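Results of the structural survey
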Amino acid sequence: MFHGEPTLPTTSTTPPPQAPPSFTVPNDFTEPKVQKGFKSNSWFSTASFHPNNKTVRRVVSAPNANLLNMTKSQQQQQQQHPSFHSLKLQTAPSIAESSISSNSNSSSSVLCKREMIKRNKIKRALAEQEILSTANHPFIVTLYHSFQSQDYLYFVMEYCMGGEFFRALQLRPGKCLSEEGAKFYAAEVTAALEYLHLQGHIYRDLKPENILLHQSGHIMLTDFDLSKGSHPPGKPCVVKSSSPYMPPSIDTRSCVSNLRTNSFVGTEEYIAPEVIKGCGHTSTVDWWTLGILIFEMLYGTTPFKGNNRNETFSRILHYEPLFAEQPAPYKTSLTNHGKSLIRKLLHKDEHKRLGSRAGASDVKAHPFFKNINFALLRHCVPPIVPLLQKPNGIDAINFRKMPPESMSLDLEQDSVMITFRDGSNSSSSNNPFDKFNSITVYHDGDSDSEMDSNSTFA
């Protein structure tokens, strides 16, 4: 302001307070609503795998995704459905076959209803759908759709071009990894188990056959039919660090602390002692299986394998793991930290096992993982990066060939079951799979127009 310039009085006006926005509870639940989730199907950068340097965002839609709002008369006019043509077997089948589909190069897990009823495994399919539809983690396989037909249940998931982790190990020299390589994948598995426990689930079936390799080389857990959940999960607690220079950690053990089950489940060479004894087991079985997995990644075999089941179980109950020299081409001895981690994970007493106090925080704090930054794992270059020449990854070698009788699944012959507006079902009302819902999971970055275009089938 210049000298001599008159000064004008300043006035301030305060705007009147605005009324808070009104809130009403919706009461119209007849129309299904599209709900967008927060799960991402592009956790890992794929720029290095495609010449156009664009991130792959694979979006597919279930054959009945656009039919949910149709009336019965409208449904009768639309009878065309796509077929899933299986190209390769991604994981070993039991009651299900997980295979690569030629439909959008997705991976479809198909469960036979007849076999599930015969073997009393309906609840397992429902548990798997619950975990896959709510999971949001880079090291857990991404679900796109789930739906059912007259004879099958379908899970349409992200295609992991690296194939089965088990076969990737089998094709390596010595069928094993270096200690640093095993440490990397053990850290990713630990992060995935931590997330599952945080959500109130025990995995219970960790093994190389249930781990898939993303095209980037990072792992993804799959096959959750043996998982057990706590409803609702407990609240996580905070564990204070003994060092003033270390931040506190999360106690995920408290999320599954009330969950104890007596079922005899698991894979023979990975079963924990408490499961064999039949005295019940908790989330600590997952840390036992992690110890077995780390040993197998390092030596190409499990530590307690016997000539038969009884001998294997006897070794699990009474033997300690032996640490010989790693097979060729490594021919090195395991570090003391590596041996210590495996011994603590394979403690016979579940109450003294590493992870029994605060869950994954105990495992991550072990000196073996001192040079691992868990927050940046998915930004690191993995030890195994699949060699793929074709953009759809169909030339990947870590897959099994499909048997001739499992080459295709025709949804036109096996009609899709639709849930109508009035709540009735297109099949018999005595359907034991009524709770297996048709679910479409939307992912961050998927535009509405993209989803609509991918939801239209000829």
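Residues numbered from 1 in each chain as written. Predicted model: local features only at pLDDT ≥ 70, side-chain atom pairs only at ≥ 80, totals over all residues. Heavy atoms only, no water.

Let's talk about the overall build of the protein
For the protein, the helix and strand inventory stands at 11 helices and 15 strands. In the protein, buried positions account for 49% of the 458 residues. Excluding contacts between residues fewer than 6 apart, the proportion of contacts in the protein whose partners are at least 24 apart in sequence is 72%. Working note: accessible area of the protein is about 23,500 Å², and carbon and sulfur atoms make up 52% of it. (Helix = DSSP H or I, 4+ residues; strand = E, 2+ residues; numbered from the N terminus. Buried < 20%, exposed > 50% of the residue type's maximum accessible area, 1.4 Å probe, protein only. Contact = heavy atoms within 4.5 Å. Areas by Shrake-Rupley, 256 points an atom, 1.4 Å probe, with all protein chains shown as cover.)

A few points about the packing of aromatic side chains
Working definition: an aromatic ring pair is given by the centre-to-centre distance plus the angle between the planes. In this structure the tally under the stated criterion is 12 aromatic pairs. Note that Lys183 overlies the ring of Phe368, its terminal NZ or CZ placed 5.0 Å from the centroid. Its end group placed over the ring of Phe374, Lys364 keeps NZ or CZ at 5.0 Å from the ring centre. (Phe/Tyr/Trp six-rings, centres within 6.5 Å; stacked < 30°, edge-to-face > 60°. Lys NZ or Arg CZ within 6 Å of the ring centre and 35° of its normal.)

Description of the nonpolar core
In this structure, Phe165, Leu221 and Met297 are the most contacted members of the largest nonpolar core, which totals 79 residues. Dropping the residues within four chain positions of it, Leu221 is found in contact with Phe139, Ile140, Val141, Ala192, Leu193, Leu196, Tyr203, Leu206, Asn210 and Ile211. (Core = buried A, V, L, I, M, F, W, Y, C linked by side-chain atoms within 4.5 Å.)

Re empty space enclosed by the protein
Under the criterion given, the structure shown has three cavities of 30 Å³ or more. Taken as a whole, the largest cavity spans an internal volume of roughly 100 Å³. Along its surface, the largest cavity is lined by 14 residues, and Arg204, Val265, Tyr270, Val285 and Thr289 are the ones closest to its centre. When residues in the lining of the largest cavity are grouped by element, the largest group, three residues, is from helix α7 (residues 284-299). Its residues assigned to classes, the lining of the largest cavity shows eight nonpolar, four polar and two charged. (1 Å grid on protein atoms, 1.4 Å probe; cavity = no way out; pocket = protein on both sides within 12 Å on 5 of 7 lines; lining within 4 Å. Points joined across faces, edges and corners; volume = space filled by probe spheres on them. Nonpolar A, V, L, I, M, F, W, Y, C, P; charged D, E, K, R; others polar.)

Comments concerning the confidence of the model for the protein
On average, residues of the protein score 75 in pLDDT, and 64% of them are at 70 or above. Looking over the protein, one finds the lowest element-wise mean pLDDT in strand β14 (residues 408-410), namely 41, and the highest in helix α9 (residues 336-345), namely 98. Below pLDDT 50 for its whole length, residues 402-413 participates in 31 contacts with residues either more than four positions away or in separate chains. Confidence drops under pLDDT 50 across residues 447-458; counting only partners more than four residues distant or on other chains, this segment forms 20 contacts. (pLDDT = per-residue confidence, 0-100.)

Overview of the pattern of salt bridges
Per the stated rule, a full pass over the model turns up seven salt bridges. For Glu194, the salt bridge identified is with Lys364, shortest N-O distance 3.1 Å. With Glu194 in helix α5 (residues 179-198) and Lys364 in helix α10 (residues 360-364), this residue pair connects regions lying 170 residues apart in the sequence. (Salt bridge = Lys/Arg side-chain N within 4 Å of Asp/Glu carboxyl O.)

What to know about α7
Every α-helix carries 3.6 residues per turn, so stepping three or four residues along brings you back to the same face. Its 16 residues place the ends of α7 23 Å apart at the C-alpha level, agreeing with the 22 Å of an ideal helix rising 1.5 Å per residue. Most of α7 sits out of view: 16 of its 16 residues are buried. Of the residues flanking the end of α7, it is Gly300, one or two places downstream, whose phi is positive at about 80 degrees. (Expected span 1.5 Å × (residues − 1).)

Here's the deal with the pairing of strand β3 (residues 107-112)
Of all the six residues making up β3, six are buried; the element is thus mostly covered by neighbouring parts of the structure. By the alternation rule, side chains of β3 split into Ser107, Ser109 and Leu111 and Ser108, Val110 and Cys112, which are all buried. In this structure, β3 lies alongside strand β5 (residues 152-157), joined through six bridges in antiparallel fashion. Each bridged residue has a counterpart across the sheet, and for Ser107 the counterpart in β5 is Met157. (Pairing = 2+ DSSP bridges.)

Remarks on the pairing of strand β4 (residues 143-148)
Burial of β4 is extensive: six of the six residues sit out of reach of the surface. Pairing analysis gives five bridges linking β4 to β5, with the strands arranged antiparallel. Looking at the pairing, Leu143 lines up with Met157 of β5. Hairpin geometry of β4 and β5 is characterised by an intervening segment of three residues between the two adjacent antiparallel strands. As judged from the two bridges shared by β4 and strand β15 (residues 439-440), these two strands associate in the antiparallel manner. Its bridge partner being in β15, Ser146 is matched across the sheet by Ile439.

A short note on the sheet that holds strand β8 (residues 211-213)
Taken in spatial order, the three strands make up an open sheet running β6-β8-β9, and their pairing is antiparallel. Edge positions in the sheet fall to β6 (163-164) and β9 (219-221), since each of these pairs with one other strand and no more. Both β8 and β9 contribute to a ladder of three bridges, which runs antiparallel. The residue bridging Ile211 from the neighbouring strand is Leu221, located in β9. On top of the sheet, α5 reaches β8 and β9; it is set at about 30 degrees to β9, its chief contact. (Axes fitted to C-alpha atoms, helices over the stretch in contact; angles between N-to-C directions.)

A look at the packing of α5 against α7
Across the interface, α5 lies against α7 with an axial gap of 10 Å and an inter-helix angle of 160 degrees. By the angle between their axes, α5 is roughly antiparallel relative to α7. The element α5 and its partner α7 pack so that their crossing is right-handed. For the pair formed by α5 and α7, the contact residues are Glu179, Ala182, Tyr185, Ala186, Val189, Thr190, Leu193 and His197 on the first element and Asp286, Trp287, Leu290, Leu293, Ile294, Met297 and Leu298 on the second. (Parallel < 35°, antiparallel > 145°, perpendicular 65-115°, else oblique. Left-handed = near helix turned anticlockwise from the far one by under 90°.)

Looking at unusual backbone geometry
With an omega dihedral of 15 degrees, the bond running from Ala328 to Pro329 counts as a cis peptide bond. Along the chain, the position of Pro329 falls in the loop between α8 (309-318) and α9. For Lys175, which is not glycine, the phi dihedral falls at a positive 55 degrees. When you line up the elements, Lys175 lands in the loop between α4 (165-170) and α5.

Examining α8
Along α8, the positions that sit buried rather than exposed are Thr312, Phe313 and Ile316. Around the axis of α8, the buried residues are gathered within 95 degrees of arc, so they sit on the same side. Looking at α8, the residues exposed on the side facing more than 90 degrees away from the buried face are Asn310 and His318. Those residues of α8 hidden inside the fold are in contact with α6 (273-277) and α7. The distance from a side-chain oxygen at the start of α8 to the backbone nitrogen of Asn310 is 3.2 Å, and the residue carrying that oxygen is Asn308. (Arc of directions from axis to C-beta. Polar contact = N/O pair within 3.5 Å; in protein donor to acceptor, adjacent residues only side chain to side chain.)

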